[in-house]
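Here is how the chains run, residue by residue.
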Amino acid sequence: MDITRRRLLMLLPAAAVAWNYVQAGTPEASPNYKLTEHWWAMLIDIPKCIGCGSCVRACAEENDVPEGYYRTWIERYHVADWKIEKPEVESPNGGKQGFPPNEIGGKNFFVPKLCNHCVDSPCTQVCPVGATFVTPDGVVLVDKSYCLGCRYCVQACPYGCRFINPKTNTAEKCTLCYHRITKGLTTACCEVCPSGARQLADLKNPKDPIHEFLKTHTVQVLKPHMATGAKVFYNGMDGSVR
Amino acid sequence: MLIALVAFVVLRAAVVPRSFGQYGHYRGAAIPEIAARPIAFAGHDTCEACHTDVVDQKKQGKHIVVPCEACHGAQARHADDPASVTPPKLDTAVLCSRCHEANSAKPKAFPQVATADHSGGLTCDTCHQPHRPKIDMQPETKPATEAKK
């Protein structure tokens, strides 16, 4: 076959793509970990949360989170009997040191929060450079070496789960302790939770107890009207929770 | 035209990271990079592999459900090198109240006390063994209401 100028021009883009593919290799998160065999989520059992702040402290230590910033935090809700639509929400220091006593009437409870690792994440859709993404196993991550720090994703997250790390000037968020779950461990927050209010779940594992829990309990996600495909499931969540 | 196209292909190959587009519109190599971060919390299975005596104690009480590092903090370094990295001594006055200080937002069934009234200034481990917190009562010291049951 003669290589004409036209044929060469047609072949060059295909050759460039093929060369990229060959150079990419096939990196896996961990030698025995298969990205396609997992679909990570979390279950939060609100009636079990005691607001001790263990999860917030553990997250900060495990992930070197700067002081004053939180990848996970706890909110204390106070819903007065006559003010059901307007709950009072507080989270002093993210609940890191627990909460001061408040012996008041009405409905009071704790709500732990973190990135919801949405399937259709608004944060990943707005990133102009592809620095934040949903992994094949369902975790939303940030590529620090590629992030520009433009803050689009911080504004886009409807749950307020992102911040700009003042040391690196890049976007930061909960990684669902990706460095732990790919090694067969649970997340740091789930590991230290003394009341079992937080449970890591693998929705692709048919033996995971979450399937039975989801069948037998009334479970919700935060802001379902946003249609983000949030994967942090809340059991016993009051209608006043935002 | 041909030179411009070749220049574009060469430049693109040089600028775009090799693994970009492997799984989607992002750098595929970022996934193993993030996964490679070292852990700080060893996990209760690791603790229990050596501290079997503590596990036996915990099995006798409700604290069996409390993971070791909830109180003792991150211990992966201790697990890696138990001889030279020793966990610090804990202050029960701070630790116990983090969970058990009364708060109206806590679940009603969860054991709670107002520590100032409850302990009379004593530290918690004066009476309670943290791994097995329930106090053993001799029959003669049991409160009257409990003795009737």
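Remember, predicted model here, so these are calculated numbers, not experimental data. (Residues numbered from 1 in each chain as written. Chains lettered and ligands numbered in written order. Predicted model: local features only at pLDDT ≥ 70, side-chain atom pairs only at ≥ 80, totals over all residues.)

S.K.: Would you mind showing me how to read the domain arrangement of chain B here?
M.R.: Accessible area lost upon the coming together of the parts serves often as the stated size of an interface. Residues and elements named next belong to chain B. If you check the domain split of chain B, you get domain 1 (27-87) and domain 2 (89-134). Spacing between the C-alpha centres of domain 1 and domain 2 amounts to 23 Å. Listed as interface residues are eight residues of domain 1 and, on the opposing side, six residues of domain 2. Ranked by the residues each element gives to the side of domain 1 that touches domain 2, the list is headed by helix 4 (residues 52-59), at three residues. (Domains from an automatic or database assignment. Contact = placed C-beta atoms within 7 Å. Helix = DSSP H or I, 4+ residues; strand = E, 2+ residues; numbered from the N terminus.)

S.K.: I tried to follow the pairing of strand 4 (residues 107-114) of chain A on my own but got confused; where do I start?
M.R.: In the case of a regular strand, side chains alternate between the two sheet surfaces. Residues and elements named next belong to chain A. Judged by how many residues are buried, strand 4 sits mostly within the fold: seven of eight residues are covered. Looking at chain direction, strand 2 (residues 72-79) and strand 4 are connected through eight bridges and run antiparallel. Each bridged residue has a counterpart across the sheet, and for Ile 74 the counterpart in strand 4 is Pro 112. (Buried ≥ 20, exposed ≤ 12 C-beta atoms within 10 Å, placed from the backbone. Pairing = 2+ DSSP bridges.)

S.K.: Where do I start with the nonpolar core in this structure?
M.R.: Inside soluble globular proteins, nonpolar side chains tend to come together where they are buried. A:Cys189, A:Val192 and B:Phe41 are the most contacted members of the largest nonpolar core, which has 77 residues in total. Counting only domains with at least three residues in this core, you end up with domain 1 (27-87) and domain 2 (89-134) of chain B. Ignoring sequence-local partners within four residues, the contact set of A:Cys189 consists of A:Cys55, A:Ala58, A:Cys59, A:Thr72 and A:Arg198. (Core = buried A, V, L, I, M, F, W, Y, C linked by C-beta atoms within 7 Å.)

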